[in-house]
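Chain by chain, the residues:
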Amino acid sequence: MDRGESVPQSTCCGRVKESLSLSERTFRCECGFERDRDVNAAINIKHEGMKRLAIV
Ligand SMILES: [Zn+2]
C-alpha cells in the first residue's frame, strides 16, 4: 500500500499539485492531464480513505 503524504495529488501521474485555487474548475497537471476538479478531489478522498483503512 502507498502511504504518501495527504496532499493534493494528481490522479494521472501522481504529481503533487498544491496551487489549485477554488476558482479553478479544472484540475490541470503539469503533464498535460486535465480533469474536473471535483472528480479529482473525490478520487483523492477515496484514496485517502483507503490509506487510512490500511494504516488502521
Ligand atoms: Zn500528471
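This text goes with the structure placed above it.
Structure report, in brief. Remember, it's a predicted structure, so these values are computed and weren't measured experimentally. (Residues numbered from 1 in each chain as written. Predicted model: local features only at pLDDT ≥ 70, side-chain atom pairs only at ≥ 80, totals over all residues.)

**Examining the overall build of the protein**
Turning to step 1, where the next piece is worked out: On a plain count of helices and strands, the protein comes out with one helix and two strands.
Turning to step 2, where the next piece is worked out: Written out in order from the N terminus, the α and β elements of the protein read β-β-α. (Helix = DSSP H or I, 4+ residues; strand = E, 2+ residues; numbered from the N terminus.)

**As for helix α1 (residues 37-55)**
Turning to step 1, where the next piece is worked out: Counted at 1.5 Å a residue, the expected span for α1 with its 19 residues is 27 Å, and the 27 Å between its end C-alpha atoms agrees.
Turning to step 2, where the next piece is worked out: Across the 19 residues of α1, one count as buried, placing the element largely on the outside. (Expected span 1.5 Å × (residues − 1). Buried ≥ 20, exposed ≤ 12 C-beta atoms within 10 Å, placed from the backbone.)

**Considering the environment of Glu24**
Turning to step 1, where the next piece is worked out: Examined against the element boundaries, Glu24 turns out to sit in the segment before β1 (26-28).
Turning to step 2, where the next piece is worked out: Take Glu24: there are 10 C-beta atoms within 10 Å of it, and that puts it in the exposed class.
Turning to step 3, where the next piece is worked out: Taking the C-alpha atoms as reference, Glu24 lies 7.8 Å from Arg37; in sequence the two are 13 residues apart.

**Concerning the environment of Arg37**
Turning to step 1, where the next piece is worked out: If you trace the backbone, Arg37 turns up in helix α1.
Turning to step 2, where the next piece is worked out: Of the residues examined, Arg37 has 17 C-beta atoms within 10 Å and is grouped as partly exposed.
Turning to step 3, where the next piece is worked out: Counting along the chain gives twelve residues from Arg37 to Arg25, while the straight-line C-alpha distance between them is 5.7 Å.

**As for the environment of Thr11**
Turning to step 1, where the next piece is worked out: Here Thr11 lies in the segment before β1.
Turning to step 2, where the next piece is worked out: We classify Thr11 as partly exposed; it has 17 C-beta atoms within 10 Å.
Turning to step 3, where the next piece is worked out: Along the primary structure Thr11 and His47 are separated by 36 residues, whereas in three dimensions their C-alpha atoms are 9.8 Å apart.
Turning to step 4, where the next piece is worked out: Apart from residues no more than four positions distant in its own chain, Thr11 is found in contact with Arg35, Asn40 and Ile43. (Contact = placed C-beta atoms within 7 Å.)

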